[in-house]
Structure formats: C-alpha cells, structure tokens
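The lines below spell out each chain.
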Amino acid sequence: MPFPIDRAEIAKTEDTLGIRFPASHIGVMRRSNGGAVEAADDVWQLVPFRNSTSAKMISRTASDIVSETRSHRERPGFPSMAVVVALNGTLECLCFLPREDDPERLSEAVYLWSPDSPDLASVADDFADLVFL
C-alpha cells in the first residue's frame, strides 16, 4: 500500500547514491512512494524510497531504491550508473540513467534493463509518461 513521503527522506536516498532524481519521479513518489505502472507490455511495482520516520515505515520500505540498485549493480551487464525504479518480479527492471549534460542528476527518461539483452530499451521519455495503475 503506497504512503506519502517527505522530501527530506528522498534527499537521504539522493545523498546515499550521490545523484538527484528527476522532478517527475519525485512528484509521484512524494504522493505515494510506491504503486504500479504499465510499461513494455508488463506491470511494474515502483521501488520506494526508504522511509526512516518510524519502525513501521522502515519495514514497509526495506526493499528500497538503494538496496535494489546495489543488488542490480552486482549483476553482469547492468549499467554501473543506472538507478532501479521499478521491478516486475523477474530480474528485469526499469531504471534511470544520469543526464549526459549533468551527471549528478538522473535523466527523466525511463529504460528497461534485462539480463537477456546487453542494451537498454527506452520505455518512456519521461517518468510522468508511464501509465500509472
């Protein structure tokens, strides 16, 4: 069940990863910090930002963006600077990449990573373009 999250909690994730998230992603996640989207002919669960405001919220966000990103970065072929934002129950994920013009910020574009393909597939030019369920 999605719950709102404070901007300060999102900033902790940004500080941990050393990169800033796109405004469209932050806007959606501040309202729900989770939920589902449809993309690339599949349904994806949005990975939450860790919420450290209470033991209950820590438990609900244990599988957060930082832990999922670190886990995927250990997989062969996963881009070293990609950040995981959604999962579909397989090894595939939706992710962001750093902006070419500002590598300290993530691009708004969303990509599909699959262990079966060496190339990322573009699924949306902006996170806000995804179909939210």
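Refer to the structure printed above.
Small disclaimer: the values here were computed from a predicted structure and weren't measured. Going along each chain's sequence as written, the residues are numbered from 1 onward. In keeping with the predicted nature of the model, local features appear solely for residues at pLDDT of at least 70, side-chain atom pairs appear and are counted solely at 80 or more, and the whole-chain, interface and lining totals rest on all residues. Hydrogens and waters are ignored; side-chain quantities use all the structure's heavy atoms.

Draft legend 1. The arrangement of the sheet that holds strand β2 (residues 42–46) in detail. Strand pairing is assigned whenever DSSP detects at least two bridges linking the two strands. Helix and strand definitions here come from DSSP, where helices need a minimum of 4 consecutive H or I residues and strands a minimum of 2 consecutive E residues; each element is numbered from the N-terminal end. Spatially, the seven strands line up as an open sheet ordered β6-β5-β4-β3-β2-β1-β7, and their pairing is antiparallel. Among the strands making up the open sheet, the edge pair consists of β6 (121–124) and β7 (131–132). Looking at chain direction, strand β5 (residues 110–113) and β6 are connected through three bridges and run antiparallel. Paired with Y111 across the two strands is S122, which belongs to β6. Those strands touched by helix α4 (residues 65–73) are β3 (83–87), β4 (93–96) and β5, and its axis lies near 105° from that of β3. Contacts are residue-level and defined by heavy atoms, with any inter-residue pair within 4.5 Å sufficient. Think of each axis as a best-fit line through the C-alpha atoms, taken over the contacting stretch in the case of a helix, with angles from 0 to 180 degrees between the N-to-C directions.

Draft legend 2. Spotlight on the pairing of β3. Across the five residues that make up β3, a large majority, five, are buried. Judged from the two bridges that link them, β2 and β3 form a sheet pairing that is antiparallel. Looking at β3, one finds that Q45 is bridged to L87. Pairing between β3 and β4: four bridges, direction antiparallel. Its bridge partner being in β4, V84 is matched across the sheet by C95. Two successive antiparallel strands, β3 and β4, enclose a turn made up of five residues, where G89 displays a positive phi of approximately 90°. For each residue, the accessible area found with a 1.4 Å probe, counting protein chains only, is set against the maximum for its type, and the residue is called buried under 20%, exposed over 50%, and partly exposed in between.

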